[in-house]
Structures are given as structure tokens and as C-alpha cells.
Amino acid sequence: MARIDLNNIRHAYMPNPLSEDDFALKRVHHTFDDGGAYALLGPSGCGKTTLLNIISGLLPPTEGEILFDGRDVTDLSTEDRNIAQVFQFPVVYDTMTVYQNLAFPLRNRGVPAEEIERRVRETLVMIDLAGRAEQKARGLTADDKQKIALGRGLVRSDVSAILFDEPLTVIDPHMKWVLRSQLKELHRRFAFTMVYVTHDQTEALTFADQVVVMNEGEIVQIGTPEELFERPNHTFVGYFIGSPGMNVLPVQIDGGDIHIGSHAVRLAEPVATNSGALTELGVRPEYVRIGEKGMPAQIVRVEDTGRRKIVHATIDGHPVAAIVSEDCVIPSDPRISFDPAGTNIYADSWRVDPVRDARGGAI
Ligand code: ADP
Ligand code: MG
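To start, this report covers the structure provided alongside it. (Residues numbered from 1 in each chain as written. Chains lettered and ligands numbered in written order. Predicted model: local features only at pLDDT ≥ 70, side-chain atom pairs only at ≥ 80, totals over all residues. Heavy atoms only, no water.)

### Notes on the packing of aromatic side chains
And step 1. What the rule picks out here adds up to 7 aromatic pairs.
And step 2. Here Phe-164 and Tyr-196 contribute two aromatic rings whose centre-to-centre distance is 5.7 Å and whose plane-to-plane angle is 40°, an arrangement assigned as tilted. With Phe-164 in strand 7 (residues 161–165) and Tyr-196 in strand 8 (residues 194–198), this residue pair connects regions lying 32 residues apart in the sequence.
And step 3. With relative accessibility at 0%, the residue Tyr-196 sits in the buried group.
And step 4. Their ring planes at 15° and their centres at 5.2 Å tell us that Phe-236 and Phe-240 sit as a pair that is stacked. Of the two residues, Phe-236 and Phe-240 are both situated in helix 9 (residues 235–240); the distance of 4 residues between them amounts to about one turn of the helix. (Phe/Tyr/Trp six-rings, centres within 6.5 Å; stacked < 30°, edge-to-face > 60°. Helix = DSSP H or I, 4+ residues; strand = E, 2+ residues; numbered from the N terminus. Buried < 20%, exposed > 50% of the residue type's maximum accessible area, 1.4 Å probe, protein only.)

Below is the structure:
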């Protein structure tokens, strides 16, 4: 397995890119640690596949270099980089049996016969196809073919990294869960460097130790699921992750005081922003309280989701969602307050760090 450094990578699909908008991938400068489990998460078209194909060597980047364990591999092919890649749609050899499909990458590399037998049998169990080892791939469903493709990605133990591009798209929901858990387990056992592309936050948050959130060709935050939840670096992260996503409200900052319309808001730690920036307050629905104290609110709708309720309200016309417990009673004159610990301030969509003194404490 390898550490992967992406140094100042940019990519444009057009021949002579001029402006920033011409780049499908804006500047990416990041290290994937050896043995890490990463997810690339973002909406369709944000550049996930582009970045993955640059790592694997299918796509030469317009600018920048890729290092594996410090060695420059920018000009090497996928094979020479020793990468296993699983795509969104199955790529299998139709005329081979399931067993042969899995054995193929090992035979190609001259792995001894007993080891091939052992690894293929182990992988067949993992992908739940042990009973169909001798069947030709041609007759199988898309779902089973994709399991073969996954198996082919997992069967080798000597790869630099295993890359997955939305590999569970064609798999049925129950099997999705099973395979995802197995990938996680495999990572725990063998510490492969794994990069898993998905647009599904649940997949990303359950699979990865570190989630790389992308939007419009840019990495907007890299963090643990907890960091993305507690401290979204960008309003996009707040809104894309979470259900419902973070509330974002326009605020005025006036000498350390923060106002939503005529209401003052208290923060855990003070912030300072440049004048002229668009300032917004972000607070996840989990940190919005409904009770007798705070800003007057109008309730628009209450969704009962079983263990908890999602309350949709407005403050001065701005929509705010709150997650409250099932037994929460909404007063007749409802008021909303924000838990300061879960409140972040954004300037031009990027999170503003609290003001700190020389000792690192908030002032
Ligand atoms: P994702 O995998 O996140 O859905 P992609 O990396 O496939 O996103 O695409 C990023 C952007 O690059 C999109 O705007 C897409 O239309 C564009 N793009 C992707 N592949 C090509 C290509 N072969 N030629 C031109 N534009 C492309
Ligand atoms: Mg894609």
C-alpha cells in the first residue's frame, strides 16, 4: 500500500483552459495517508471521477504531479502504478467463469497456484458468490457482475491502493449494506489505502475515516464525519451533510454582536470578519431549541419521523429547521434559540475561526 501525494493538481477537459471556470478540477493539493480509508463525497458533476482517474492513471492531469510513496508516477499507467479500480458499472470478462474472473489478475502477475486458489475462494465468500464460482459471467445479473468487479478489486494483496467509483450503484439496497460493511472490515484487517467515491453521505460517513467533500471542482473540506458535522468549513458542507442540512441565515455583525434582523445571537466564542463580506450564521437543526425563550418564530410544519420531530419554522421570514424529541411540546408563543456550541459564522460561505488570544483561548 502507498501514501499518495497530489501536488498542485488541476484538470481541464478542454485544450486551452483560460479562466478558472474552464477547469473541471480546480487546484487539489492533498495527501492520502498509507492505509487510510477515504471517501470522496459530492454532488454529481463536482469532479470526483476526474480526481479518481487522475490518481489511478487513466487520466493525465493538465497540471501537477502524483507521487506514490514519494515516487513520481504522473507519467505511469494504471498497471504500472499497481492500482485496483472498481467502476460504477461492471467490467467483467463475460466468457470466463466467476472463478476465472477473480483468478485472472493474480495469474497475470504470476502468483503461485495455491495462493490463487486460497485468495479467490476467500474473495468469493466475501462477495457472496461462492455458490456460483463455476458459472459463466455472461448469464449473471448486473448486480452479480458488479460483485465480481468488486472481487477483482479486492483479490490482490499487493496493490498500492484500491479505488472505488460509486461501486454500489447497481447493487440492491440490502446487499449494498452487506458489501459496505465488508469493505470496512477488509480495511480494518488489511489496512489497504482505499479511496471510495460516492454522492451518498451515508455511504461516505459509514465507510471512511476521512471524508473529502467536493463541490464544483474544489475540495471544500477534509475531515472526520464528526468534524464535518460539528464544524462545517463551508456552508456547502453544512447543507450537503445532515438531514435536514444546516440552517444558514443572513446576519449582521456589529462590533462582536451578531444580529438576525432585530434579534441578537450569542456565540460560544467571538468572531471577526472583514467588512464587506457576506456574513451568515450556520446552525444544524440538532442545535436549534424551541421553547419559551429566544427569537419569536412561526411554525410552518411539523414532520414526525418516529423517534424525533422535525419542526420547520421561520424567524423574521427566514426558514429554520429544528430537530426535537418526539415528546417536545411546542408552546403557543414559540421561540427559537441556538445552542452556542453548535453555531458557526461564515463569511462569503467559508467558516470564520473564533478570535483567539496568544494563549489560544477565546477572548
Ligand atoms: P462526478 O464524478 O463528481 O460526477 P466528473 O468528474 O465526472 O464528476 O465531472 C466533472 C466535470 O467534468 C463535469 O462538469 C463533467 O461534465 C466534466 N467532464 C467529465 N468528463 C468529461 C469529459 N470526458 N470531457 C469533457 N468534460 C467532462
Ligand atoms: Mg462520477
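### Quick word on the pattern of salt bridges
And step 1. Scanning the model with the defined rule gives 16 salt bridges in all.
And step 2. Asp-144 is paired through a salt bridge with Arg-132; the nearest N and O atoms lie 2.5 Å apart. Here the residue Asp-144 occupies a position in helix 5 (residues 142–154), and Arg-132 occupies one in the loop between helix 4 (113–126) and helix 5, the gap between them amounting to 12 residues.
And step 3. When its relative accessible area of 34% is taken as the criterion, Arg-132 is described as partly exposed.
And step 4. One salt bridge in this structure joins Arg-156 and Asp-158, with 3.3 Å as the shortest N-O distance.
And step 5. A relative accessible area of 40% places Asp-158 in the partly exposed class. (Salt bridge = Lys/Arg side-chain N within 4 Å of Asp/Glu carboxyl O.)

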